[in-house]
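Residue-level structure breakdown
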Amino acid sequence: MTDTHSTAPAPTCSPETFFEELPLSDDVLDALWDMRFEKCTPIQAQCIPPILEGRDLIGIAQTGTGKTAAYLLPMLTLLARASHDADAVNCLIMAPTRELAQQIDQALQGFAYYTGINGVAVYGGNDGVRFEQERKSFQQGADIVVATPGRLITHLQLGNLDLSRTTHLILDEADRMLDMGFIDDIRFLLKQLPPKRQVILFSATMPDEIGAIAKEFMSNPAEVRIAVSKPAEKIDQSIYVCRNTDKMAVVGHIFSHKLPERVILFASSKACVKEITALLKKRGFNCAQMHSDLSQKERDEVMLAFRQRKTGILVATDIVSRGIDIDDIQMVINYDCPRDPEDYVHRIGRTARAGREGNAVTLVGERDFIALRKIEKLLGGHIRRNPLPEGCHEAVERPKQSPRRASSNHRDKERKTKGATRKATDVQADGNTHGTHRPRHRKPTRNKEQGESSHHP
Ligand code: AMP
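What comes next is a walk through the structure.

Some thoughts on the overall build of the chain
- From N to C terminus, the chain includes 16 helices and 17 strands.
- Sorting the 457 residues of the chain into buried and exposed places 57% on the buried side.
- Carbon and sulfur atoms provide 50% of the accessible area of the chain, an area that totals close to 20,700 Å².

So, in structure tokens, the structure goes:
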């Protein structure tokens, strides 16, 4: 956390907080009851009270901690209680990727089910009808808009959306938005808001640029910090140090013990994802690929098949390293070491969610040693090394660069910059939107004791 801005600690809560103990609206509690959510996660216990008090808040937490509910539940309660302009967008939630925006929207549909609060999701898809639907829903005053930055800015610039009466803004995964080059868009959005507003910011890390935004646009924010950058304890982490040319054989070895089910295999580039998918398919594995070259429709189909267990292995770029809400991923395989150790934490955080156990296996090749050291430094210890299968050879770290080689440093730098741009494009080659207006629902009768509902979300 940067110390460039002043923050006040959030009120402390008892170690076990039940949702029923919190002053959430009955409609929200009803939805939680239906979903069998009883106890708060730590981030929820600490964030819900200050948000309900109307305070600005900085939450430092990664996905898998329950952060989405930590802001949605109090936000729905605030919107349900206060009178607000029916023809204005009252709350804007910004997410860096379409996948995270979709996930937030799904959670919102569940939590808002009985509240009559409606939302519109603006996150991609490529047709003009959608765009028109979104425009109309803005004008009719969607209570909550969940959006990725690209298209939202387009709507703002075309005058389709007016944020001057938007009294609540939530920035989810703010550090990721920074990485993806959206920081100026976020500043632009913040400047559109009325002076009296509530700003809530969630981020896994707190780089200086995000600290500066907090200082400029937030007022005396409460700060809640949950186990930053540490993967869940229930993830069994291990590595194979093997030559790049042996990586596919190691993957085959891993899958030889048990037919892969619910496995995500991460690779750093789209080309690599395509190549691995082709190789796995050739070997008869049930797999699918996920990267930004796919259309939104294709992405949705791939994710649906994976959710429905029709696909055993999802081979993906970091497009799914955050914001994929599938709780029973059994194994994450890193085909290479992500260069940013935070990405490692996010990738492996796809497994062992919601208290389950999971495996994270990383293949360390000749080019991965520096990245491995950074990851182990962040974790504060060595990751267990697996013995290599027969016929595979250990990778040896390349010696330090010779002075002659150093002269080509600028070319490496150029490549790295391009890599970073590619990565940003990969995750959000966006500029497109989906818009869905949900109907208001009538509240059904239910029997709390038996946990029955006549109308399930
Ligand atoms: P998130 O960090 O918001 O992506 O949430 C991670 C997962 O935990 C999601 O599948 C949520 O549905 C689930 N979850 C969040 N809060 C709770 C809770 N209080 N009790 C049980 N599951 C939860």
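Things to note about the side chain of Arg55
- Position of Arg55 among the secondary structure elements: in the loop between α2 (42–52) and β2 (57–60).
- Although Arg55 is buried, it forms no salt bridge, and the closest oppositely charged side chain is Glu53 at an N-O distance of 4.7 Å.
- At 3.4 Å, the side chain of Arg55 and the backbone oxygen of Asn220 are in polar contact.

Describing the pattern of salt bridges
- Applying the stated criterion across every chain, the model contains 23 salt bridges.
- For Asp85, the salt bridge goes to Arg165, with nearest N and O atoms at 3.1 Å. Of this pair, Asp85 sits in the loop between α3 (67–81) and β3 (91–94) while Arg165 sits in the loop between α6 (149–157) and β6 (168–171); the two residues are 80 residues apart in sequence, bridging distant segments of the chain.
- Here Arg165 falls in the partly exposed class, since its relative accessible area comes to 32%.
- The partner of Arg262 in a salt bridge is Asp328, and the shortest N-O contact between them spans 2.9 Å. Here the residue Arg262 occupies a position in the loop between α10 (247–257) and β10 (263–266), and Asp328 occupies one in the loop between β12 (313–316) and β13 (331–334), the gap between them amounting to 66 residues. Residues Arg262 and Asp328 agree in their burial class; the two are buried.

Some words on the pairing of β2
- Residue alternation in β2 divides its side chains into two sets, Leu57 and Gly59 and Ile58 and Ile60, and both sets are buried.
- Note that β2 and strand β7 (residues 198–203) share 4 bridges and pair parallel. Across the sheet, the residue bridging to Gly59 is Phe202, located in β7.
- Bridge count for β2 against strand β8 (residues 222–225) is 4 bridges, and the pairing is parallel. When the bridges of β8 are listed, Ile58 appears paired with Glu223.

With respect to the site of the ligand
- Around the ligand there are 15 residues in total, and Lys39, Gln44, Gly64, Gly66 and Thr68 lie nearest to it.
- Gly66 places a polar main-chain atom, nitrogen or oxygen, 2.7 Å from an oxygen atom of the ligand.
- Within the backbone of Lys67, an N or O atom sits 3.3 Å from an oxygen atom of the ligand.
- Looking at the shell around the ligand residue by residue, the classes come out as 2 nonpolar, 8 polar and 5 charged.

Quick look at the pairing of β6
- The alternating pattern of β6 places His168 and Ile170 on one face and Leu169 and Leu171 on the opposite face, and all of these are buried.
- In the sheet, β3 pairs with β6 via 4 bridges, with the strands oriented parallel. Across the sheet, residue Leu92 finds its bridge partner in β6, namely Leu169.
- Where β6 meets β7, 4 bridges bridge the pair, whose relative direction is parallel. When the sheet's bridge partners are listed, His168 is paired in β7 with Gln198.

Some thoughts on the packing of α2 against α3
- At a closest axis distance of 9 Å, the pairing of α2 and α3 adopts a crossing angle of 25°. For the element pair α2 / α3, the angle class is roughly parallel. Crossing angle aside, the handedness with which α2 passes α3 is right-handed. Touching Ile43, Gln44, Cys47, Ile48, Ile51 and Leu52 of α2 are Lys67, Ala69, Ala70, Tyr71, Leu73, Pro74, Met75, Thr77 and Leu78, all from α3.

Quick notes on the rules
Residues numbered from 1 in each chain as written. Predicted model: local features only at pLDDT ≥ 70, side-chain atom pairs only at ≥ 80, totals over all residues. Heavy atoms only, no water. Helix = DSSP H or I, 4+ residues; strand = E, 2+ residues; numbered from the N terminus. Buried < 20%, exposed > 50% of the residue type's maximum accessible area, 1.4 Å probe, protein only. Areas by Shrake-Rupley, 256 points an atom, 1.4 Å probe, with all protein chains shown as cover. Lys, Arg positive; Asp, Glu negative; His and termini not counted. Salt bridge = Lys/Arg side-chain N within 4 Å of Asp/Glu carboxyl O. Polar contact = N/O pair within 3.5 Å; in protein donor to acceptor, adjacent residues only side chain to side chain. Pairing = 2+ DSSP bridges. Near = heavy atom within 4 Å. Nonpolar A, V, L, I, M, F, W, Y, C, P; charged D, E, K, R; others polar. Axes fitted to C-alpha atoms, helices over the stretch in contact; angles between N-to-C directions. Parallel < 35°, antiparallel > 145°, perpendicular 65-115°, else oblique. Left-handed = near helix turned anticlockwise from the far one by under 90°. Contact = heavy atoms within 4.5 Å.

The values reported here are purely geometric and, on their own, carry no functional implication.
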